[in-house]
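Spelled out, the chains give:
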Amino acid sequence: MFTIDELATIPLFSALGEKELEFLAGAVEDIHLIPGEYVAHEGEGRFLAVVVEGKTELTKLVNGGEQVIGVRRPGELGGEIPMTLGTPLPASMRAVEPTRVLKLTVEDFHTLAAMAPAVSAAVGAAALERMEMLKSATAQPIEPAMFVIGPRVDPGVHGCDSFLHRNQIRYERLDPDDPGAVTRTGGAAAVAPFPVVVLRDGTQLIAPTMRVVATVAGLTVAPGRSQYDVVIVGGGPAGLTAAVNGASEGLQTALIESFAPGGQAGTSSRIENYTGFPYGVSGDELASRALQQAKRLGAEIVVTRRVERIDPVEMTVTLDGGDVLRTKSIILAMGVEWRRLEVDYIDRFVGSGVYYGAAPSDAGLAQGTDVYLVGAGNSAGQAAIFFSKHARSVTLLVRGEALAESMSHYLIEQIARNANIRVETRSEVVAVHGDDQLEAIEVIDRRTGTTSRRDARVLFVLIGAEAATDWLPSEISLDKHGFVLTGTDATKAGQWTPDREPFALETSAPGIFAVGDIRSGSVKRVAASVGEGGVAIAHVHRYLQLPH
């Protein structure tokens with residue numbers, strides 16, 4: 001801790017009296033850092049920091065990379081701008097060498113300022129001086145990592161859009177005849193097959209696979225090891241939480257995700273009931289934070305790879321492409337797949353008018369159009385509210401009698417207040433029409449039996465989900481709907497052989513756990529999945545301590 005004599009040597013506090021120094025000595029934190037360790041991260045709550053010994057640098061994410069925008073040496077302040085303006089931290093602060101930092105909370109700063117107004121004036125002056133530095137750092141134009149050229153409604157372009165957005169890769173989408181696109185493709189408009197992906201150096205990729213896109217974007221597409229303590233299959237909220245907890249507790253952790261971290265929750269435009277976010281949080285923001293956290297703690301996140309086979313006896317995980325990972329434990333967190341709409345010929349329009357699931361990156365599809373959504377759950381409600389801000393109108397087609405049967409009350413209230421959203425209950429899509437793109441749908445009113453044809457260029461389908469577990473080995477027991485049995489339910493299935501009870505989230509195959517939506521009996525909510533992801537790692541630790 002800091003003594004009164006030490007505090008008196010710090011320029012900001014050198015004129016304080018004994019009473020103020022005594023208060024300060026009991027209020028401040030004494031933080032010792034090693035090189036590379038952070039005092040705080042960009043976006044966190046405000047506080048005042050004073051470098052006492054050593055050296056720190058301020059860093060900010062610019063164009064996807066961490067850029068040093070300032071240095072702090074002994075006697076200099078950090079956090080003076082948010083302390084003055086009441087904003088979150090605009091930059092991160094990390095130690096360059098062994099460093100000692102004094103940290104003062106906003107509450108204690110205000111108390112000190114009331115006792116010694118000169119301190120507040122000095123911090124305010126320092127904030128004004130630093131504003132120019134921050135302004136120049138944030139004024140740089142955002143440079144995309146690549147350009148995606150092609151019609152927005154092209155299935156390949158839509159898939160590439162979604163992939164890049166959800167993997168937090170900066171890009172710009174251009175129509176083929178856009179002057180910027182023509183310049184980048186050599187003076188002529190790009191033609192199918194789409195997308196045409198142009199990199200910063202001018203390299204053109206014609207209709208690349210998502211794995212190729214991931215590779216050029218710098219994402220991890222191949223595991224870096226052959227042996228792990230835990231391999232997590234799926235990167236939704238449950239899987240990401242397991243990765244965060246596993247890595248933070250020293251386990252060699254790999255997470256395998258076939259598309260993008262976040263799962264279905266990552267496509268939610270607004271989650272209103274997640275604890276700790278009083279004004280809600282978007283699914284991709286929540287996924288982004290969890291992904292950054294998992295990576296920072298040392299988890300290996302591998303994207304665009306699919307797990308093809310699991311061997312519960314040898315404890316191996318085989319990926320498409322042939323990579324075989326040996327592991328001491330496995331967590332199944334692959335979530336579920338959107339249930340398909342059973343309408344003739346609808347598959348021909350997937351990606352060109354018909355979309356399963358909905359994400360904020362789909363806002364451009366809805367812009368100025370009449371959007372139709374099929375579904376009555378929370379995902380459909382969140383999508384309807386989001387698209388109502390972009391579309392000319394939003395029609396929610398609900399098979400049941402009322403939204404209350406399957407949607408949270410807060411969403412129903414918001415929909416009722418939104419004049420741009422129309423809800424049609426007892427209604428179903430029975431036919432689709434169009435050539436290369438969706439042009440119209442037919443909707444039946446089950447009350448009257450009448451069918452009406454509607455002009456429709458955009459149809460989002462969110463009608464629940466199904467388990468995709470037919471690839472799992474027979475040693476892992478499933479319920480009648482294909483969801484993975486765990487705990488006592490796994491025992492009752494008759495395949496459990498060890499002379500101990502399975503852990504609560506353990507499957508009928510020892511050492512293999514299931515969490516989140518894929519688990520039989522799970523609560524289909526983000527918060528519940530997050531909880532299970534954390535609990536699963538606790539079970540993994542207990543399992544690894546057993547004699548093998």
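Above this text is the structure in question.
Residues numbered from 1 in each chain as written. Predicted model: local features only at pLDDT ≥ 70, side-chain atom pairs only at ≥ 80, totals over all residues. Heavy atoms only, no water.

Student: What is the right way to read the packing of aromatic side chains from this model?
Tutor: Think of a pair of aromatic rings as described by two things: how far the centres are apart, and how the planes are tilted against each other in angle. Throughout the structure, instances matching the rule amount to six aromatic pairs. Arranged with centres 5.5 Å apart and planes meeting at 35°, the rings of Tyr355 and Phe460 form a pair that is tilted. Note that Tyr355 is positioned in strand 22 (residues 354-356) and Phe460 in strand 29 (residues 458-461), a separation of 105 residues in sequence. Each member of the pair, Tyr355 together with Phe460, is buried. Through successive ring pairs, a cluster of aromatic residues spans Tyr355, Phe386, Phe387 and Phe460. The positively charged end of Arg184 is found above the aromatic ring belonging to Phe147, 3.7 Å away from the centroid. Arg340 extends its terminal NZ or CZ atom over the ring of Tyr356, reaching a point 4.0 Å from the ring centre. (Phe/Tyr/Trp six-rings, centres within 6.5 Å; stacked < 30°, edge-to-face > 60°. Helix = DSSP H or I, 4+ residues; strand = E, 2+ residues; numbered from the N terminus. Buried < 20%, exposed > 50% of the residue type's maximum accessible area, 1.4 Å probe, protein only. Lys NZ or Arg CZ within 6 Å of the ring centre and 35° of its normal.)

Student: Teacher, can you tell me more about the packing of helix 12 (residues 378-387) against helix 13 (residues 409-417) here?
Tutor: The geometry of a pair of packed helices is captured by two quantities: the angle between their axes and the separation between those axes. Interhelical geometry of helix 12 versus helix 13 gives an angle of 30° and a closest axis separation of 10 Å. Here helix 12 lies roughly parallel to helix 13, going by the angle between them. Relative to helix 13, helix 12 is oriented so that their crossing is left-handed. Residue-level inspection shows Asn378, Gly381, Gln382 and Ile385 of helix 12 in contact with helix 13, the latter providing Tyr410, Leu411, Gln414 and Ile415. The residue makeup of the contact of helix 12 with helix 13, split by class, is four nonpolar, four polar and no charged. (Axes fitted to C-alpha atoms, helices over the stretch in contact; angles between N-to-C directions. Parallel < 35°, antiparallel > 145°, perpendicular 65-115°, else oblique. Left-handed = near helix turned anticlockwise from the far one by under 90°. Contact = heavy atoms within 4.5 Å. Nonpolar A, V, L, I, M, F, W, Y, C, P; charged D, E, K, R; others polar.)

Student: Is there a simple way to think about the pattern of salt bridges in this case?
Tutor: Two side chains bearing opposite charge may form a pair once their charged atoms approach each other closely. A complete count under the given rule lists 21 salt bridges for this structure. Across the pair Glu6 and Arg100 runs a salt bridge, and its minimum N-O distance is 3.1 Å. Of this pair, Glu6 sits in helix 1 (residues 4-8) while Arg100 sits in strand 8 (residues 99-105), and the two are 94 residues apart along the sequence. By relative accessible area, Glu6 is classed as partly exposed at 29%. Residues Arg422 and Glu424 are paired through a salt bridge, measuring 3.2 Å at the closest nitrogen-oxygen approach. Judged by its relative accessible area of 41%, Arg422 is partly exposed. Judged by its relative accessible area of 14%, Glu424 falls in the buried class. Residues joined by salt bridges that share partners form a network here, namely Glu6, Asp30, Glu53 and Arg100. (Salt bridge = Lys/Arg side-chain N within 4 Å of Asp/Glu carboxyl O.)

Student: I'm lost on the nonpolar core in this one. Help?
Tutor: For soluble globular proteins, the rule of thumb is that nonpolar side chains tend to be buried together. Formed by 71 residues in total, the largest nonpolar core has its most connected members in Ile331 and Leu332. A total of six residues in this core trace back to one element, the largest contributor, which is helix 9 (residues 237-248). Not counting residues within four places of it along the chain, the set of residues in contact with Ile331 comprises Val230, Val231, Ile232, Val233, Ala242, Phe513, Val515, Ala536, Ile537 and Val540. (Core = buried A, V, L, I, M, F, W, Y, C linked by side-chain atoms within 4.5 Å.)

Student: It is not clear to me how a negative patch on the surface should be interpreted in this structure. Could you clarify?
Tutor: A cluster of like negative charges, contributed by Asp435, Asp436, Glu439 and Asp455, occupies part of the molecular surface. Among the secondary structure elements, Glu439 is positioned in strand 27 (residues 438-445). (Patch = residues over 30% accessible without salt bridge, like charges linked within 9 Å, V, L, I, M, F, W, Y side chains within 5 Å. Areas by Shrake-Rupley, 256 points an atom, 1.4 Å probe, with all protein chains shown as cover. Lys, Arg positive; Asp, Glu negative; His and termini not counted. Charge placed at Lys NZ, Arg CZ, Asp CG, Glu CD.)

Student: Teacher, can you tell me more about the side chain of Asn167 here?
Tutor: Inspection of the secondary structure puts Asn167 in the loop between helix 6 (155-166) and strand 10 (171-174). The buried category is assigned to Asn167, whose relative accessible area is 5%. Among the polar contacts made by the side chain of Asn167, one reaches the main-chain carbonyl oxygen of Phe163 at a distance of 3.0 Å. (Polar contact = N/O pair within 3.5 Å; in protein donor to acceptor, adjacent residues only side chain to side chain.)

Student: Which parts of the structure should I look at to understand a nonpolar patch on the surface?
Tutor: Where nonpolar side chains cluster on the molecular surface, the patch consists of Leu85, Leu128 and Met131 and spans about 310 Å² of accessible area. Relative to the assigned elements, Met131 resides in helix 5 (residues 117-138). What makes Met131 partly exposed here is its relative accessible area of 34%.

Student: Whenever I open this one, the sheet that holds strand 16 (residues 300-303) confuses me. Can you help?
Tutor: Sheet strands pair via backbone hydrogen bonds, and the direction of the pair is either parallel or antiparallel. One open sheet holds the five strands; their spatial order is 16-15-14-20-31, and the pairing between them is parallel. Each having just a single partner strand, strand 16 and strand 31 (512-514) make up the two edges of the open sheet. In this sheet, adjacent strand axes meet at a mean angle of 20° when their direction is disregarded. One ladder, built from four bridges, connects strand 14 (residues 230-233) with strand 15 (residues 253-257); its direction is parallel. Its bridge partner being in strand 15, Ile232 is matched across the sheet by Leu255. Of the strands in this sheet, strand 14, strand 15 and strand 20 (330-332) touch helix 9, which is tilted by about 165° from strand 15. (Pairing = 2+ DSSP bridges.)

Student: Which parts of the structure should I look at to understand helix 6?
Tutor: Helical periodicity: at 3.6 residues per turn, an α-helix aligns residues three or four positions apart in one direction. Between the first and last C-alpha of helix 6 there are 16 Å, a value that for 12 residues agrees with the 16 Å anticipated at 1.5 Å per step. Buried residues of helix 6: Val157, His158, Cys160, Asp161, Ser162, Phe163, Leu164 and Arg166, and no others. Looking at the buried side of helix 6, the elements it contacts are strand 9 (146-149), strand 10, strand 11 (196-199), helix 8 (210-216), strand 22 and helix 11 (363-366). Its side-chain oxygen placed 2.9 Å from the backbone nitrogen of Gly156, Asp154 serves as the N-cap of helix 6. (Expected span 1.5 Å × (residues − 1).)

Student: Any chance you could explain empty space enclosed by the protein here in plain terms?
Tutor: A water-sized probe, rolled over the atoms, reveals where empty space remains. Throughout the structure, instances matching the rule amount to three cavities of 30 Å³ or more. Of the volumes computed, that of the second largest cavity is approximately 90 Å³. Element by element, the count of residues in the lining of the second largest cavity is highest for helix 12, at five residues. In terms of residue class, the lining of the second largest cavity is made up of eight nonpolar, five polar and no charged. (1 Å grid on protein atoms, 1.4 Å probe; cavity = no way out; pocket = protein on both sides within 12 Å on 5 of 7 lines; lining within 4 Å. Points joined across faces, edges and corners; volume = space filled by probe spheres on them.)

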